[in-house]
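Listed below are the residues making up each chain.
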Amino acid sequence: MKSFIENLPKAELHLHIEGSFEPSLMFKIAKRNRIEIPFKSVAEIENAYQFSCLQDFLDIYYQGANVLQTEQDFYDLTYSYLQKCATQNVRHTEIMFDPQTHTSRGVSFKTVINGISNACEDAKQNLGVTSLLIMSYLRHLSEDDCFKTLEQSLPFKDKITAVGLDSSEKGNPPSKFTKVFEASVKEGYIPVAHAGEEGDADYVWEALDILNIKRIDHGNNSLQDTKLVNEIIKRDLALTVCPLSNTALQVVSDLKEHPLQKMMDLGLKVTINSDDPAFFGGQVNENYIQIQKALNLSKEDLFRLAKNSFKYSFLDTDTKNKYIAELETYYQNNK
Ligand code: ADE
Ligand code: ZN
(Lines give C-alpha, C1' and ligand atoms only; values in the text may rest on other atoms or scores of the structure.)
(Ligands and ions follow the chains in the order given, each with its own letter.)
Protein backbone atom coordinates (compact mmCIF):
# COMPACT_ATOMS: atom_id res chain seq x y z
CA MET A 1 0.00 0.00 0.00
CA LYS A 2 2.82 2.42 0.90
CA SER A 3 4.41 2.28 -2.53
CA PHE A 4 0.96 2.38 -4.19
CA ILE A 5 0.39 5.71 -2.39
CA GLU A 6 3.88 7.05 -3.00
CA ASN A 7 3.59 6.49 -6.74
CA LEU A 8 -0.04 7.60 -7.02
CA PRO A 9 -0.30 10.78 -9.15
CA LYS A 10 -2.10 13.36 -7.01
CA ALA A 11 -2.78 17.05 -6.40
CA GLU A 12 -2.57 18.98 -3.15
CA LEU A 13 -5.34 21.54 -2.65
CA HIS A 14 -4.78 22.73 0.92
CA LEU A 15 -1.27 23.87 1.73
CA HIS A 16 -0.05 27.03 3.47
CA ILE A 17 3.35 27.93 2.12
CA GLU A 18 4.33 29.42 5.50
CA GLY A 19 3.36 26.07 7.03
CA SER A 20 5.84 24.25 4.80
CA PHE A 21 8.74 26.13 6.45
CA GLU A 22 11.06 23.36 7.69
CA PRO A 23 13.15 24.17 10.79
CA SER A 24 16.42 23.60 8.88
CA LEU A 25 15.49 26.19 6.24
CA MET A 26 14.25 28.53 8.99
CA PHE A 27 17.71 28.44 10.59
CA LYS A 28 19.43 29.00 7.25
CA ILE A 29 17.30 32.03 6.36
CA ALA A 30 17.46 33.47 9.90
CA LYS A 31 21.26 33.32 9.72
CA ARG A 32 21.33 34.86 6.23
CA ASN A 33 19.14 37.76 7.43
CA ARG A 34 20.94 38.04 10.78
CA ILE A 35 17.71 37.51 12.72
CA GLU A 36 17.62 35.97 16.19
CA ILE A 37 15.09 33.19 16.64
CA PRO A 38 14.12 31.92 20.08
CA PHE A 39 15.43 28.38 19.41
CA LYS A 40 18.97 27.00 19.52
CA SER A 41 18.51 23.92 17.35
CA VAL A 42 16.23 22.10 14.94
CA ALA A 43 15.42 19.64 17.74
CA GLU A 44 14.39 22.51 20.01
CA ILE A 45 12.03 23.85 17.35
CA GLU A 46 10.52 20.41 16.79
CA ASN A 47 9.99 20.01 20.54
CA ALA A 48 8.03 23.25 20.60
CA TYR A 49 5.59 21.83 18.04
CA GLN A 50 3.06 20.45 20.54
CA PHE A 51 -0.33 22.05 20.17
CA SER A 52 -3.57 21.87 22.11
CA CYS A 53 -5.67 23.87 19.63
CA LEU A 54 -5.48 25.97 16.46
CA GLN A 55 -4.49 29.19 18.29
CA ASP A 56 -1.58 27.45 20.01
CA PHE A 57 -0.22 26.49 16.61
CA LEU A 58 -0.88 29.87 14.98
CA ASP A 59 1.16 31.70 17.64
CA ILE A 60 4.25 29.67 16.71
CA TYR A 61 3.51 29.63 12.98
CA TYR A 62 3.43 33.45 12.72
CA GLN A 63 6.64 33.68 14.76
CA GLY A 64 8.50 31.40 12.32
CA ALA A 65 7.33 33.43 9.33
CA ASN A 66 9.07 36.54 10.76
CA VAL A 67 12.43 35.49 9.36
CA LEU A 68 11.15 35.72 5.77
CA GLN A 69 12.22 39.08 4.40
CA THR A 70 13.51 39.06 0.83
CA GLU A 71 12.19 37.81 -2.48
CA GLN A 72 14.90 35.13 -2.35
CA ASP A 73 13.54 33.90 1.02
CA PHE A 74 10.04 33.43 -0.43
CA TYR A 75 11.54 31.81 -3.51
CA ASP A 76 13.58 29.33 -1.44
CA LEU A 77 10.63 28.48 0.80
CA THR A 78 8.37 27.80 -2.17
CA TYR A 79 10.91 25.96 -4.30
CA SER A 80 11.80 23.71 -1.40
CA TYR A 81 8.11 22.72 -1.01
CA LEU A 82 7.75 22.15 -4.77
CA GLN A 83 10.81 19.87 -4.78
CA LYS A 84 9.05 17.75 -2.16
CA CYS A 85 5.95 17.68 -4.37
CA ALA A 86 8.04 16.27 -7.21
CA THR A 87 9.39 13.44 -5.04
CA GLN A 88 5.87 12.69 -3.71
CA ASN A 89 4.25 12.44 -7.16
CA VAL A 90 2.23 15.57 -6.46
CA ARG A 91 1.65 16.72 -10.04
CA HIS A 92 -0.26 19.86 -9.15
CA THR A 93 -0.61 22.05 -6.06
CA GLU A 94 -2.77 25.02 -5.04
CA ILE A 95 -0.68 27.04 -2.62
CA MET A 96 -2.14 29.39 0.00
CA PHE A 97 -0.11 32.35 1.14
CA ASP A 98 -0.92 34.90 3.86
CA PRO A 99 0.22 38.35 2.60
CA GLN A 100 -0.82 40.13 5.82
CA THR A 101 1.62 38.05 7.88
CA HIS A 102 4.37 39.74 5.89
CA THR A 103 3.02 43.17 4.91
CA SER A 104 2.24 43.86 8.59
CA ARG A 105 6.02 43.54 9.22
CA GLY A 106 6.96 45.93 6.42
CA VAL A 107 7.66 43.32 3.72
CA SER A 108 6.04 44.44 0.45
CA PHE A 109 3.31 42.48 -1.31
CA LYS A 110 5.52 42.52 -4.42
CA THR A 111 8.40 40.83 -2.57
CA VAL A 112 6.10 38.05 -1.37
CA ILE A 113 4.27 37.39 -4.62
CA ASN A 114 7.33 37.60 -6.88
CA GLY A 115 9.35 35.21 -4.74
CA ILE A 116 6.53 32.67 -4.60
CA SER A 117 5.44 32.94 -8.22
CA ASN A 118 8.98 32.80 -9.65
CA ALA A 119 9.56 29.56 -7.75
CA CYS A 120 6.29 28.20 -9.18
CA GLU A 121 7.38 29.09 -12.73
CA ASP A 122 10.77 27.43 -12.25
CA ALA A 123 9.21 24.32 -10.71
CA LYS A 124 6.91 23.96 -13.70
CA GLN A 125 9.90 24.13 -16.07
CA ASN A 126 12.40 22.10 -14.05
CA LEU A 127 10.24 19.63 -12.09
CA GLY A 128 7.02 19.41 -14.13
CA VAL A 129 4.92 20.39 -11.08
CA THR A 130 2.11 22.86 -11.85
CA SER A 131 0.68 25.25 -9.28
CA LEU A 132 -1.94 27.93 -8.68
CA LEU A 133 -1.96 30.52 -5.90
CA ILE A 134 -4.63 31.26 -3.28
CA MET A 135 -4.26 34.58 -1.47
CA SER A 136 -5.63 34.03 2.04
CA TYR A 137 -7.08 36.74 4.23
CA LEU A 138 -6.34 36.53 7.96
CA ARG A 139 -9.70 36.37 9.70
CA HIS A 140 -8.41 37.64 13.06
CA LEU A 141 -7.77 41.00 11.34
CA SER A 142 -10.39 43.53 10.27
CA GLU A 143 -12.22 43.50 6.96
CA ASP A 144 -10.64 46.90 6.20
CA ASP A 145 -7.20 45.36 6.51
CA CYS A 146 -8.24 42.63 4.06
CA PHE A 147 -9.44 45.31 1.64
CA LYS A 148 -5.93 46.83 1.71
CA THR A 149 -4.51 43.43 0.80
CA LEU A 150 -7.00 43.08 -2.05
CA GLU A 151 -5.89 46.50 -3.38
CA GLN A 152 -2.22 45.53 -3.13
CA SER A 153 -2.87 42.33 -5.05
CA LEU A 154 -4.46 43.95 -8.09
CA PRO A 155 -1.24 44.67 -10.05
CA PHE A 156 -0.42 40.94 -9.67
CA LYS A 157 -3.90 39.62 -10.45
CA ASP A 158 -2.67 37.40 -13.27
CA LYS A 159 -0.57 35.41 -10.76
CA ILE A 160 -3.44 34.72 -8.30
CA THR A 161 -6.34 32.34 -8.89
CA ALA A 162 -8.37 32.37 -5.68
CA VAL A 163 -8.88 34.04 -2.32
CA GLY A 164 -9.10 32.12 0.95
CA LEU A 165 -9.87 32.78 4.61
CA ASP A 166 -7.65 31.36 7.35
CA SER A 167 -6.26 31.91 10.89
CA SER A 168 -8.32 31.88 14.14
CA GLU A 169 -11.76 30.59 13.22
CA LYS A 170 -13.80 30.86 16.43
CA GLY A 171 -15.18 34.37 16.92
CA ASN A 172 -14.30 35.34 13.33
CA PRO A 173 -17.20 34.05 11.23
CA PRO A 174 -17.27 34.22 7.42
CA SER A 175 -19.95 36.95 7.59
CA LYS A 176 -17.27 39.35 8.92
CA PHE A 177 -15.76 39.26 5.39
CA THR A 178 -18.89 39.58 3.25
CA LYS A 179 -17.84 42.76 1.45
CA VAL A 180 -14.21 41.91 0.81
CA PHE A 181 -15.16 38.53 -0.64
CA GLU A 182 -17.77 40.17 -2.86
CA ALA A 183 -15.13 42.65 -4.10
CA SER A 184 -12.57 39.84 -4.59
CA VAL A 185 -15.01 37.85 -6.72
CA LYS A 186 -15.66 40.97 -8.83
CA GLU A 187 -11.91 41.09 -9.50
CA GLY A 188 -12.06 37.52 -10.79
CA TYR A 189 -10.75 35.60 -7.77
CA ILE A 190 -12.42 32.28 -6.90
CA PRO A 191 -13.61 32.23 -3.25
CA VAL A 192 -12.65 29.46 -0.82
CA ALA A 193 -12.55 29.48 3.00
CA HIS A 194 -11.51 27.48 6.03
CA ALA A 195 -14.78 26.52 7.70
CA GLY A 196 -15.82 23.92 10.23
CA GLU A 197 -12.30 23.18 11.46
CA GLU A 198 -12.97 24.47 15.00
CA GLY A 199 -16.07 26.50 14.12
CA ASP A 200 -19.48 24.86 14.04
CA ALA A 201 -21.70 23.97 11.09
CA ASP A 202 -23.24 27.47 11.08
CA TYR A 203 -19.83 28.84 10.01
CA VAL A 204 -19.89 26.46 7.04
CA TRP A 205 -23.42 27.62 6.17
CA GLU A 206 -22.18 31.24 6.19
CA ALA A 207 -19.20 30.35 4.00
CA LEU A 208 -21.60 28.74 1.50
CA ASP A 209 -24.46 31.21 1.57
CA ILE A 210 -22.67 34.50 2.21
CA LEU A 211 -19.18 34.04 0.72
CA ASN A 212 -20.43 31.66 -1.97
CA ILE A 213 -17.28 29.54 -1.69
CA LYS A 214 -16.32 27.02 -4.37
CA ARG A 215 -14.39 24.66 -2.09
CA ILE A 216 -14.39 24.09 1.69
CA ASP A 217 -11.10 23.96 3.59
CA HIS A 218 -11.43 21.27 6.30
CA GLY A 219 -15.24 21.26 6.73
CA ASN A 220 -15.15 18.55 9.43
CA ASN A 221 -17.97 20.05 11.49
CA SER A 222 -20.32 19.98 8.49
CA LEU A 223 -21.19 16.51 9.76
CA GLN A 224 -23.06 18.12 12.68
CA ASP A 225 -25.88 19.04 10.26
CA THR A 226 -27.48 16.61 7.79
CA LYS A 227 -29.14 19.43 5.86
CA LEU A 228 -25.74 21.06 5.38
CA VAL A 229 -24.18 17.80 4.19
CA ASN A 230 -26.93 17.48 1.59
CA GLU A 231 -26.44 21.09 0.49
CA ILE A 232 -22.67 20.57 0.05
CA ILE A 233 -23.38 17.49 -2.06
CA LYS A 234 -26.02 19.35 -4.08
CA ARG A 235 -23.58 22.18 -4.83
CA ASP A 236 -20.86 19.62 -5.66
CA LEU A 237 -18.31 21.30 -3.37
CA ALA A 238 -15.19 19.41 -2.31
CA LEU A 239 -13.72 19.33 1.20
CA THR A 240 -9.95 19.68 1.53
CA VAL A 241 -9.40 17.39 4.51
CA CYS A 242 -6.10 17.38 6.41
CA PRO A 243 -5.83 14.28 8.65
CA LEU A 244 -2.47 14.92 10.37
CA SER A 245 -3.38 18.56 10.95
CA ASN A 246 -6.64 17.42 12.58
CA THR A 247 -4.83 15.21 15.09
CA ALA A 248 -1.99 17.71 15.71
CA LEU A 249 -4.53 20.47 16.51
CA GLN A 250 -6.81 18.11 18.41
CA VAL A 251 -9.73 18.64 16.06
CA VAL A 252 -9.85 14.82 16.03
CA SER A 253 -8.61 12.82 19.04
CA ASP A 254 -7.12 9.94 17.04
CA LEU A 255 -6.80 9.11 13.32
CA LYS A 256 -8.94 6.03 13.96
CA GLU A 257 -11.76 8.43 14.92
CA HIS A 258 -11.29 10.55 11.81
CA PRO A 259 -14.57 11.23 9.91
CA LEU A 260 -13.02 10.81 6.43
CA GLN A 261 -14.60 7.43 5.67
CA LYS A 262 -17.95 8.66 6.95
CA MET A 263 -17.69 11.73 4.71
CA MET A 264 -17.02 9.51 1.70
CA ASP A 265 -19.89 7.15 2.61
CA LEU A 266 -22.28 10.09 2.84
CA GLY A 267 -21.31 11.11 -0.71
CA LEU A 268 -19.15 14.12 0.15
CA LYS A 269 -16.27 14.80 -2.25
CA VAL A 270 -13.13 14.62 -0.16
CA THR A 271 -9.44 15.26 -0.85
CA ILE A 272 -6.36 14.55 1.31
CA ASN A 273 -3.90 17.35 2.09
CA SER A 274 -1.09 18.32 4.43
CA ASP A 275 -2.14 21.89 5.54
CA ASP A 276 1.14 22.81 7.31
CA PRO A 277 3.47 19.86 6.70
CA ALA A 278 6.51 21.23 8.54
CA PHE A 279 4.46 21.51 11.74
CA PHE A 280 2.19 18.46 11.63
CA GLY A 281 4.61 15.62 10.95
CA GLY A 282 4.18 14.84 7.29
CA GLN A 283 3.76 15.82 3.67
CA VAL A 284 0.76 14.75 1.64
CA ASN A 285 1.96 11.13 1.21
CA GLU A 286 2.31 10.67 4.97
CA ASN A 287 -1.27 11.92 5.30
CA TYR A 288 -2.46 9.31 2.79
CA ILE A 289 -0.35 6.56 4.36
CA GLN A 290 -1.45 7.18 7.94
CA ILE A 291 -5.15 7.67 7.23
CA GLN A 292 -5.15 4.57 5.00
CA LYS A 293 -3.72 2.55 7.87
CA ALA A 294 -6.03 4.02 10.51
CA LEU A 295 -9.24 3.52 8.51
CA ASN A 296 -8.14 0.54 6.42
CA LEU A 297 -8.91 2.38 3.17
CA SER A 298 -8.90 0.34 -0.04
CA LYS A 299 -6.92 1.10 -3.19
CA GLU A 300 -10.21 2.13 -4.76
CA ASP A 301 -10.79 4.67 -1.95
CA LEU A 302 -7.29 6.07 -2.49
CA PHE A 303 -7.87 6.28 -6.23
CA ARG A 304 -11.14 8.18 -5.63
CA LEU A 305 -9.41 10.59 -3.26
CA ALA A 306 -6.63 11.29 -5.76
CA LYS A 307 -9.16 11.66 -8.58
CA ASN A 308 -11.09 14.23 -6.51
CA SER A 309 -7.86 16.15 -5.99
CA PHE A 310 -7.60 16.77 -9.75
CA LYS A 311 -11.32 17.05 -10.44
CA TYR A 312 -11.90 19.70 -7.76
CA SER A 313 -8.74 21.69 -8.52
CA PHE A 314 -9.06 25.06 -10.26
CA LEU A 315 -7.14 23.85 -13.32
CA ASP A 316 -8.59 24.20 -16.81
CA THR A 317 -10.53 21.19 -18.09
CA ASP A 318 -7.86 19.96 -20.52
CA THR A 319 -5.11 19.90 -17.90
CA LYS A 320 -7.44 18.23 -15.39
CA ASN A 321 -8.31 15.54 -17.93
CA LYS A 322 -4.65 14.95 -18.74
CA TYR A 323 -3.83 14.35 -15.07
CA ILE A 324 -6.91 12.19 -14.51
CA ALA A 325 -6.02 10.03 -17.54
CA GLU A 326 -2.54 9.50 -16.08
CA LEU A 327 -4.07 8.56 -12.73
CA GLU A 328 -6.53 6.12 -14.32
CA THR A 329 -3.75 4.37 -16.22
CA TYR A 330 -1.74 4.10 -13.01
CA TYR A 331 -4.72 2.64 -11.13
CA GLN A 332 -5.54 0.10 -13.87
CA ASN A 333 -1.92 -1.10 -13.85
CA ASN A 334 -1.53 -1.24 -10.07
CA LYS A 335 -4.86 -2.15 -8.46
N1 ADE B 1 -3.24 28.84 8.84
C2 ADE B 1 -2.37 27.86 8.64
N3 ADE B 1 -2.91 26.68 8.92
C4 ADE B 1 -4.18 26.91 9.32
C5 ADE B 1 -5.26 26.10 9.74
N6 ADE B 1 -5.16 24.77 9.84
N7 ADE B 1 -6.41 26.70 10.10
C8 ADE B 1 -6.52 28.02 10.02
N9 ADE B 1 -5.55 28.84 9.63
C10 ADE B 1 -4.38 28.28 9.28
ZN1 ZN C 1 -5.33 25.36 6.45
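Look up: the structure comes first, before these words.
Residues numbered from 1 in each chain as written. Chains lettered and ligands numbered in written order. Predicted model: local features only at pLDDT ≥ 70, side-chain atom pairs only at ≥ 80, totals over all residues. Heavy atoms only, no water.

> Mind showing me how you'd approach the overall build of the protein here?
Looking only at helices and strands, one finds 17 helices and nine strands in the protein. Here the C-alpha radius of gyration of the protein, 19 Å, is about what a compact globule of 335 residues would show, namely 20 Å. With respect to the principal axes defined by its C-alpha atoms, the protein has extents near 50 × 40 × 40 Å. A buried classification covers 59% of the 335 residues belonging to the protein. Considering only intrachain contacts with a sequence separation of at least 6, the fraction spanning at least 24 residues in the protein is 77%. (Helix = DSSP H or I, 4+ residues; strand = E, 2+ residues; numbered from the N terminus. Rg over C-alpha atoms; globule rule 2.2 N^0.38 Å. Buried < 20%, exposed > 50% of the residue type's maximum accessible area, 1.4 Å probe, protein only. Contact = heavy atoms within 4.5 Å.)

> Honestly, the site of ligand 1 in this entry has me stumped. Any pointers?
Neighbouring ligand 1 are His16, Leu54, Phe57, Leu58, Tyr61, Asp166, Ser167, His194, Glu197, His218, Asp275 and Asp276. His218 is positioned such that a nitrogen or oxygen atom in its side chain is 3.5 Å from a nitrogen atom of ligand 1. The contact in question runs from a nitrogen atom of ligand 1 to an N or O atom on the side chain of Asp275, over 2.7 Å. For ligand 1, the accessible surface in isolation is 260 Å², of which the surrounding protein chains cover 100%. The dominant element in the shell around ligand 1, judged by the number of residues it contributes, is helix H4 (residues 54-65), at four residues. Considered class by class, the residues forming the shell around ligand 1 number four nonpolar, four polar and four charged. (Near = heavy atom within 4 Å. Polar contact = N/O pair within 3.5 Å; in protein donor to acceptor, adjacent residues only side chain to side chain. Areas by Shrake-Rupley, 256 points an atom, 1.4 Å probe, with all protein chains shown as cover. Nonpolar A, V, L, I, M, F, W, Y, C, P; charged D, E, K, R; others polar.)

> How do you make sense of the coordination of the zinc ion (ligand 2) when you look at a structure like this?
Geometrically, a metal with four donors at the corners of a regular tetrahedron has ideal angles of 109.5 degrees, and one with six donors at the corners of a regular octahedron has ideal angles of 90 or 180 degrees. Distances from the zinc ion (ligand 2) to its protein donors, namely His14 (NE2), His16 (NE2), His194 (NE2) and Asp275 (OD), fall within the range 2.0 to 2.3 Å. Its four donor atoms give the zinc ion (ligand 2) angles of 83 to 174 degrees at the centre, a pattern that matches the irregular case. On the basis of relative accessible area, His16 is assigned to the buried category, the value being 4%. Taking the relative accessible area as the measure of exposure, Asp275 reaches 2% and is therefore buried. (Donors = N, O, S within 2.8 Å, 3.2 Å for Na, K, Ca; no water. Tetrahedral: all angles 85-135°; square planar, octahedral: opposite > 155°, others 65-115°.)

> Would you mind showing me how to read the pattern of salt bridges here?
For the structure on display, the rule yields twelve salt bridges. Arg215 is the salt-bridge partner of Glu94, the closest N and O atoms lying 2.9 Å from each other. Of this pair, Glu94 sits in strand S2 (residues 90-97) while Arg215 sits in strand S7 (residues 215-218), and the two are 121 residues apart along the sequence. Of the two residues, Glu94 and Arg215, neither departs from the other in class, the shared state being buried. In this structure, the salt-bridge partner of Arg235 is Glu231, at a minimum N-O distance of 2.8 Å. Here Arg235 pairs with Glu231, and both are found in helix H11 (residues 226-235), just four residues apart, close to one helical turn. Overall, Glu231 belongs to the buried group, its relative accessible area being 18%. (Salt bridge = Lys/Arg side-chain N within 4 Å of Asp/Glu carboxyl O.)

> What exactly am I supposed to notice about H11 here?
An α-helical turn contains 3.6 residues, so a residue and the one three or four places further along point in the same direction. Residues of H11 that are buried include every one of Leu228, Val229, Glu231 and Ile232, and no others. The buried residues of H11 occupy an angular sector of 160 degrees when projected down its axis, which confines them to one face. Exposed residues lying more than 90 degrees from the buried face of H11 are Thr226, Lys227 and Lys234. Where H11 is buried, its residues touch helix H10 (201-209), S7, strand S8 (238-241) and helix H13 (260-266). (Arc of directions from axis to C-beta.)

> What am I meant to see in the sheet that holds strand S4 (residues 162-166) here?
Within a sheet, adjacent strands bond to each other through the backbone by hydrogen bonds, running parallel or antiparallel. Pairing is parallel in the open sheet, where five strands are placed in the order S1-S2-S3-S4-S5. Edge positions in the open sheet fall to strand S1 (10-16) and strand S5 (190-191), since each of these has one partner strand only. Two elements, S1 and S2, share five bridges in a ladder whose sense is parallel. The residue of S2 that forms the bridge with Ala11 is His92. On the sheet, helix H16 (residues 299-311) packs against S1 and S2 and is oriented at approximately 70 degrees with respect to S1. (Pairing = 2+ DSSP bridges. Axes fitted to C-alpha atoms, helices over the stretch in contact; angles between N-to-C directions.)

> Explanation requested: the sheet that holds S7 in the structure shown.
Ordered in space as S6-S7-S8-S9, the four strands form an open sheet in which the pairing is parallel. Only two strands of the sheet have a single neighbouring strand rather than two, namely strand S6 (193-195) and strand S9 (269-272). Neighbour to neighbour, the strand axes of the sheet diverge by 35 degrees on average, direction disregarded.

> Quick question: what am I supposed to make of the packing of aromatic side chains here?
The way to describe two aromatic rings as a pair is by their centre distance and the angle between their planes. One pass over the full model with this rule turns up 16 aromatic pairs. With a centroid separation of 5.5 Å and an interplanar angle of 35 degrees, the aromatic rings of Phe4 and Tyr330 are classed as tilted. A residue pair is termed long-range when its members are at least 10 positions apart, and Phe4 in helix H1 (residues 2-7) and Tyr330 in helix H17 (residues 317-334) qualify at 326 residues. You'll find Phe4 and Tyr330 in the same group, each marked buried. The cationic tip of Arg215 hangs over the ring face of Phe314; the distance from NZ or CZ to the ring centre is 4.1 Å. (Phe/Tyr/Trp six-rings, centres within 6.5 Å; stacked < 30°, edge-to-face > 60°. Lys NZ or Arg CZ within 6 Å of the ring centre and 35° of its normal.)

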